[in-house]
Amino acid sequence: MVDTDNDRRIKLLKGQSVDSNKRYWHTLIGYNYRVKNLRRVNERMKTMQAIYRYREMIFSLVRRELRGRYKASFLGFLWTFVNPFLQLLVYTLVFSVIMRSGIEKYYLFLFVALIPWIFFSSSVSVGATCIVNQSSMVTKIYFPREVLPISFVTSQFVSMLLSFVVVLLVVLLSGLGLVWTLLPMLIPIMLLEYCLALGITLIVSALTVYFRDLEYITGIVVMAWQFMTPVMYSVDMVPENLRGIFMLNPMTSIIRAYRDILYYQQMPEMNTLLLSVGMAIGFLLLGILVFGKLEKRFAEEL
Amino acid sequence: MSKMNEGNKPELAAQSSNAPVIQVCNVEKKFRVYYDKGYSLKDKLVQWGRNRYQNRYVLRGVSMDVQRGEAIGIIGENGCGKSTMLKMLTRIMYPDAGSIQIKGRISSLIELGAGFHPDLSGRENIYTNASIFGLTRKEINERMEDIVEFSELGEYLDNPIRTYSSGMYMRLAFSIAINVDADVLLIDEILAVGDANFQTKCFSRLRDIKATGTTIAIVSHDLGTIQTFCDKALWLSDGKAAAYGNAKSVVESYRQYMNEKYIASLRAHEEAERTPAAKAKAATSEEEQSPSTQNASASEMESSITEIDYNANRFGLGDVVITRVTFRQADGQIIHTLVEGEPTDIDISYAVHKSRYAYNFGMGFYTPENVCLYGVNTQLDGMEVKLTQDAGFVRFHMDHMPLLAGHYYFQCAVNDINGVPLDYYRRYMDFDVSSSRAAIGCIQVDHQWEIF
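The rules behind the values
- Residues numbered from 1 in each chain as written.
- Chains lettered and ligands numbered in written order.
- Predicted model: local features only at pLDDT ≥ 70, side-chain atom pairs only at ≥ 80, totals over all residues.
- Heavy atoms only, no water.
- Helix = DSSP H or I, 4+ residues; strand = E, 2+ residues; numbered from the N terminus.
- Buried < 20%, exposed > 50% of the residue type's maximum accessible area, 1.4 Å probe, protein only.
- Contact = heavy atoms within 4.5 Å.
- Areas by Shrake-Rupley, 256 points an atom, 1.4 Å probe, with all protein chains shown as cover.
- Core = buried A, V, L, I, M, F, W, Y, C linked by side-chain atoms within 4.5 Å.
- Phe/Tyr/Trp six-rings, centres within 6.5 Å; stacked < 30°, edge-to-face > 60°.
- Lys NZ or Arg CZ within 6 Å of the ring centre and 35° of its normal.
- Axes fitted to C-alpha atoms, helices over the stretch in contact; angles between N-to-C directions.
- Parallel < 35°, antiparallel > 145°, perpendicular 65-115°, else oblique.
- Nonpolar A, V, L, I, M, F, W, Y, C, P; charged D, E, K, R; others polar.
- Pairing = 2+ DSSP bridges.
- Buried area = accessible area lost by both parts, 1.4 Å probe.
- Salt bridge = Lys/Arg side-chain N within 4 Å of Asp/Glu carboxyl O.
- Polar contact = N/O pair within 3.5 Å; in protein donor to acceptor, adjacent residues only side chain to side chain.
- Expected span 1.5 Å × (residues − 1).

Caption draft 1: Representation of the overall build of chain A. Scanning chain A from terminus to terminus reveals 13 helices and zero strands. Looking at chain A residue by residue over its 302 residues, the buried ones come to 48%. Of the contacts formed within chain A by residues at least 6 apart in sequence, a portion of 74% connects residues at least 24 apart. Of the roughly 15900 Å² of accessible surface on chain A, 67% is carried by carbon and sulfur atoms.

Written out as structure tokens, the structure is:
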């Protein structure tokens, strides 16, 4: 004897009680789709634990990136400081001799914003390939895949911190001087930028595994992004009616905050920064979710 | 293993020891084989919505259980799904259906020297590489001494590893991987590391590790190793488990299958080569009916001799042919893996097509690198072989089979008494030898040590 009613019930439970006629309509409580979401959250929590267990891998990849970069050169690790210093020299030469700007001490105006920007742009544009480039590791060894973007962004972050030694030194010696009470404000700003860069790098690096063109697209987008961000100019130069859209760019208020603290020596504006905080957290969460979804098939796609 | 992974639930340690460490249940994995795979955005856009791929099953419903301290060997022909299986155990890939559960920390000897930076010193690279296996700094420091000692690098340890020879590089990489102290160790064809001494050392280390309770899974083509080292074996064929169970019997049946396949392919090859010759022969046999039989066969002889291709794997006039060679153990049972030290017979079966005055049967053991380990024939042993029947066999008996564990090939031939090859197989078949001895090399030398 065939119990058709039972048959229907079994089918219903098997399909997580989705009504066969209406999609996304769960007729039984407790069997709905959210169970799957909960499981996914649990999975993510486990990933976080795994990342913590692999913290030494993050440290050593950062160390390898930083120490290995200049290892074969004569000056070695000194390059980490010499490099931003030489950059500054070039900017000073160009902007105080050839392209004179109306902004006072333009080289400082630029330098103070450029170092944080370089951290962001290299994290995203070079970081896009951080998984593709390590394909031999990704296809052969188990480790939480998040370690690769995290350690890449962290290494860029550490090299920004080292460059900041030069930045602070130059600001101090340039006659502007440093306001010591404002300096601690740099720490939350840097962490904010780190979260934003990490979130975007997680997304971009995972997607690049599937669409290789993204590497080049990211490069162009980041370059355009630089001109949409007040790195080389100040926000005052943006037409009044566009400024609203302009402030939607999370990097705008971050770069402005750096400049406020180091160049204008004033407290950064908090309202716009809060928007950036929200966006950074949003990007980070989105990054973790997207990455978690895409990482399962990395080994097959590489 | 005293160290359980911190990720485990605490009740695990209390669990009875007969719960399997590796539990693979009905695992299924399919790959998409794209007809024209495009990675770039253009290709993705152009092919949007067009599913131009085919699902190819690499594994279909494979299950296995491995207990704590057991070793399992995964064998099979190329492309049977061995490596995919190992990658899923490593958690690099995930099954499409079925489940894989592994308890404890996993270390894999699949990619040695991951994350090595050529400009950094050996010591710095130990930290990088070991951290990739998930060790914390404290754990690495604890193992540092063992790693350094095992790698035998000594004073070179502080040199940048780009100055290392490839042997030193591999030794360092292997030393790190083997000192991870994992609960589960996965190995993929890595035991071709370093010189023979280092290999022996690696093996004895693997044995120690296994004895302390580490579970090991090995993918290898080296059947001798699997037979002596593993408790269980899984033979994968075309994504399905062809056999699973006791390592010795699974490897034995796999080897039998492979030998039959190899011989069949050799035969098919010979058939293809012989077809024109057979036609020629048919033509001459017609001639033989003519009165000048004597002349014809003589000329056939002449022509055949000039036709012998000494570079072929099988050559000769074919007056006597070798029909089959079998290895037999003492009780007469046919075996495919020889065991060092055991009494062994090699039976060379022949069939006579055209009789001659006397014959010379020969055999030889060769390494895969074509080094002759031992070769002899009936003439060298002072025998005169006269065959009286149309078919039979010649037996080569050894009281103690002298070859040590490894892979070899067997050569056999029958010549006439003047050295004209009648049927000569350069490489009749490949075989493996298993041995319980720890000695290195190819040949067992009967010996005693005496200390004065």
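Caption draft 2: Layout of the nonpolar core. Membership of the largest hydrophobic core comes to 83 residues, with the highest contact counts inside it found for Phe120(A), Phe143(A), Phe164(A), Leu262(A) and Phe298(A). Apart from residues no more than four positions distant in its own chain, Phe164(A) is found in contact with Ile115(A), Pro116(A), Leu186(A), Met190(A), Tyr258(A) and Leu262(A). One finds Phe116(B), Ile178(B), Ile209(B) and Ala243(B) within the second-largest nonpolar core, a separate group that totals 47 residues.

Caption draft 3: Spotlight on the packing of aromatic side chains. In total, this model carries 26 aromatic pairs over all chains according to the counting rule given. Among the aromatic residues, ring-to-ring pairing joins Phe327(B), Phe365(B), Tyr408(B), Phe410(B) and Phe431(B) into one connected group. Lying across the ring of Tyr142(A), Arg91(B) places its NZ or CZ 3.7 Å from the centre.

Caption draft 4: Structural context of the packing of helix H5 (residues 106–125) of chain A against helix H7 (residues 147–173) of chain A. Residue and element names in this part refer to chain A. Orientation of H5 relative to H7, taken along the N-to-C sense of each, is 170°, at an axis distance of 9 Å. One way to sum up the angle between H5 and H7 is to call them roughly antiparallel. Where H5 approaches H7, its residues Leu108, Phe111, Val112, Ile115, Pro116, Phe119, Ser122 and Ser123 are matched on the opposing element by Phe152, Val153, Gln156, Phe157, Met160, Ser163, Phe164, Val167, Val170 and Val171. Residues that form the contact of H5 with H7 fall into these classes: 14 nonpolar, four polar and no charged.

Caption draft 5: Broad picture of the side chain of Thr128(B). When you line up the elements, Thr128(B) lands in helix H4 (residues 122–132). When residues no more than four places from it in sequence are discounted, the contact partners of Thr128(B) are Ser60(A), Leu61(A), Arg64(A) and Gly115(B).

Caption draft 6: Structural context of the pairing of strand E14 (residues 344–352) of chain B. Residue and element names in this part refer to chain B. With respect to burial, E14 is a largely interior element, nine of its nine residues being buried. Side chains Thr344, Ile346, Ile348, Tyr350 and Val352 of E14 all project onto a buried face; the interleaved residues Asp345, Asp347, Ser349 and Ala351 project onto the opposite face, where all are buried too. As paired elements, strand E11 (residues 320–329) and E14 share nine bridges and run antiparallel to each other. What sits directly across from Val321, in E14, is Ala351. With eight bridges connecting them, E14 and strand E17 (residues 391–398) associate as antiparallel partners. Bridging across to E17, Ile348 finds its partner in Val394.

Caption draft 7: A look at the interface of chain A and chain B. With 33 residues of chain A at the contact, the number on the chain B side is 38 residues. For the chain A and chain B pair, buried surface summed over both sides reaches about 3100 Å², with 57% attributable to carbon and sulfur atoms. Note that Arg137(B) and Glu56(A) form a salt bridge whose closest N and O atoms lie 3.4 Å from each other. Here chain A and chain B share three residue pairs in polar contact (both at pLDDT 80 or more) between them. Counting only elements with at least two residues in the side of chain A that touches chain B, the list comes to helix H3 (55–69), helix H6 (135–138), helix H8 (186–210) and helix H13 (298–301) of chain A. Of the residues forming the side of chain A that touches chain B, the biggest block, nine residues, is contributed by H3(A). Here the residues of the side of chain A that touches chain B are counted per class, giving 14 nonpolar, four polar and 15 charged.

Caption draft 8: Structural context of the pairing of strand E8 (residues 232–237) of chain B. All names here are of chain B. The element E8 is largely enclosed, with a buried count of five among its six residues. Where E8 and strand E9 (residues 240–246) come together, six bridges link them in antiparallel fashion. Paired with Leu234 across the two strands is Tyr244, which belongs to E9. Linking two consecutive strands that pair antiparallel, namely E8 and E9, is a turn of two residues; a positive phi of about 60° is found at Asp238 within it.

Caption draft 9: Structural detail: unusual backbone geometry. Residues and elements named next belong to chain B. A positive phi angle, near 50°, is found at Asn26, a position not held by glycine. Structurally, the position occupied by Asn26 is in strand E1 (residues 22–34). Residue Asn26 is classed as partly exposed on the basis of its relative accessible area of 46%. Positioned with a positive phi, Asn370 is a non-glycine residue whose angle comes to about 65°. Examined against the element boundaries, Asn370 turns out to sit in the loop between strand E15 (359–366) and strand E16 (372–377).

Caption draft 10: Seen up close, helix H5 (residues 137–151) of chain B. Between its first and last C-alpha atoms H5(B) spans 19 Å; for 15 residues at 1.5 Å apiece the expected length is 21 Å, and the two agree. Those residues of H5(B) that sit buried are Glu139(B), Ile140(B), Arg143(B), Met144(B), Ile147(B), Phe150(B) and Ser151(B). Of the surrounding elements, those touching the buried residues of H5(B) are H3 of chain A together with H4, helix H6 (166–178) and helix H7 (196–211) of chain B. Two residues or fewer after H5(B) comes Glu152(B), characterised by a positive phi angle close to 55°.

Caption draft 11: Local environment of the sheet that holds E11(B). Reading across the sheet, the four strands line up as E12-E11-E14-E17 (chain B) and stay open at both edges, with antiparallel pairing between neighbours. A single partner strand is all that each edge strand has here, and the edge strands are strand E12 (334–335) and E17 of chain B.

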